[in-house]
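# Structural overview
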Amino acid sequence: MNPQAKLIFVTSLLLGTTITISSNHWVMAWTGLEINTLAILPLISKSHHPRAIEAATKYFLVQATASTLVLFSSMTNAWYTGQWDITQLTHPTSSLILTAAISMKLGLVPFHFWFPEVLQGSPLITGLLLSTAMKFPPITLLYMTSLSLNPTLLTTLAVLSVAMGGWMGLNQTQIRKIMAFSSISHLGWMAIILIYYPKLTLLNFYLYTMMTAAVFLTLNSTKVLNLSTLMTAWTKAPALSTILLLTLLSLAGLPPLTGFLPKWLIIQELTKQDMAPAAIIISLLSLLGLFFYLRLAYCATITLPPHTTNHMKQWRTNKPISPSIAILTTLSIMLLPASPMLTTII
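Treat the numbers as computed from the prediction; the structure is a model and nothing was measured.

### A short note on the environment of Ile-8
Within the secondary structure, Ile-8 sits in helix α1 (residues 3–22). Residues Ile-8 and Phe-136 lie 128 residues apart in sequence; the distance between their C-alpha atoms is 20 Å.

### A look at the packing of helix α4 (residues 92–106) against helix α8 (residues 151–168)
Interhelical geometry of α4 versus α8 gives an angle of 20 degrees and a closest axis separation of 11 Å. By the criterion of interaxial angle, the relationship of α4 to α8 is roughly parallel. With respect to the hand of their crossing, α4 and α8 are arranged in right-handed fashion. For the pair formed by α4 and α8, the contact residues are Leu-96, Thr-99 and Ser-103 on the first element and Leu-153, Leu-154 and Leu-157 on the second.

### Here's the deal with the packing of helix α10 (residues 198–222) against helix α13 (residues 260–272)
Here α10 crosses α13 at 160 degrees, and the two axes come no closer than 9 Å. By the angle between their directions, the pair α10 and α13 is classed as roughly antiparallel. Crossing hand, α10 versus α13: left-handed. Residues Leu-200, Leu-203, Asn-204 and Leu-207 of α10 form the contact with α13, whose participating residues are Leu-261, Pro-262, Leu-265, Ile-266 and Glu-269. Here the residues of the contact of α10 with α13 are counted per class, giving seven nonpolar, one polar and one charged.

### Some thoughts on the domain arrangement of the protein chain
For the protein chain, the domain assignment lists domain 1 (1–124) and domain 2 (150–345). Distance between the C-alpha centres of domain 1 and domain 2: 24 Å. With 16 residues of domain 1 at the interface, the matching set in domain 2 holds 24 residues. Carbon and sulfur atoms supply 75% of the area buried between domain 1 and domain 2, which totals about 1,800 Å² over both sides. Its largest share of buried area at the contact with domain 2, domain 1 owes to Val-109, Gln-120 and Leu-124, together 39% of the area lost on that side. Close ionic contact of Glu-117 with Lys-177 constitutes a salt bridge, the shortest N to O distance being 3.5 Å. Where domain 1 touches domain 2, the interface holds five residue pairs in polar contact (both at pLDDT 80 or more). Broken down by secondary-structure element, the contributors of at least two residues to the side of domain 1 that touches domain 2 are α4 and α5 (114–120). Take the side of domain 1 that touches domain 2: its biggest share by element is five residues, from α5. Per-class residue counts for the side of domain 1 that touches domain 2 are nine nonpolar, six polar and one charged.

What counts, and at which threshold
- Residues numbered from 1 in each chain as written.
- Predicted model: local features only at pLDDT ≥ 70, side-chain atom pairs only at ≥ 80, totals over all residues.
- Heavy atoms only, no water.
- Helix = DSSP H or I, 4+ residues; strand = E, 2+ residues; numbered from the N terminus.
- Axes fitted to C-alpha atoms, helices over the stretch in contact; angles between N-to-C directions.
- Parallel < 35°, antiparallel > 145°, perpendicular 65-115°, else oblique.
- Left-handed = near helix turned anticlockwise from the far one by under 90°.
- Contact = heavy atoms within 4.5 Å.
- Nonpolar A, V, L, I, M, F, W, Y, C, P; charged D, E, K, R; others polar.
- Domains from an automatic or database assignment.
- Buried area = accessible area lost by both parts, 1.4 Å probe.
- Salt bridge = Lys/Arg side-chain N within 4 Å of Asp/Glu carboxyl O.
- Polar contact = N/O pair within 3.5 Å; in protein donor to acceptor, adjacent residues only side chain to side chain.

Shown next, in the form of structure tokens:
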């Protein structure tokens, strides 16, 4: 892709995100979401592969539908209450429509079907943007309207998302699809705590973004897209494979890694809110996700590739690990001791 064109699209992404997260008026928030959608489409379809074109088309249709629902929800609220302010979304029908719209934008169950397909058709770096940066504006809208949302509906969507994200990721061999189901599962954890402790949702999102960025950048560095090539990637860059193992275990939420921190705080807060059954259910469902993270980690570092493999062995490279991967991985592994500081910040 032409560097000038790429610069325009990336700048538009930053602009759209900034407009949405800093706006008080629904129309400005909607404008930011639209700019974001239009800016990411060329980045998804830049390879001109039929699957990439299909992914861009699916993404456009889903996001356009969700944006229409956001606008419809805000107009309904303005019709009944005379308020266009984002924080004044008080009409129950409007908040229900908004929950559906944002769930569609994020890929929460039952509006999750588009996300694995779109991620599978995108390049790894675009997949990273779709999993992290593109979810930030919708999450901020949920954060701003959290007082008006329906707790039962959000808890149901969250539990279903953790269940489906773990369950549907079990049988996958494509790493981008596994990361998509991982994202759906993490979104469930964010959604369940949103009404009771919104800042914890944002903390979870920031830590998830950090860990996912470390995984995607490592995969991009080793040019790995599925499990069979992941099995032979250790010969090319052993240090990166070890880094990937630790980051995946952190994403799974195992102590004493960073990924355990948001799960621990969310379970603690749910117990305080007399929602111990919900906490138990999502904790048990996250074991499904742990299975496929362990599978990825096993393929990355522990298995020796079979001698009958069809994949060519890769030469070991002495290329140094990129500083961004090193910093993100260090944060993804070692932030748990800083949890008292993080909890006082939020």
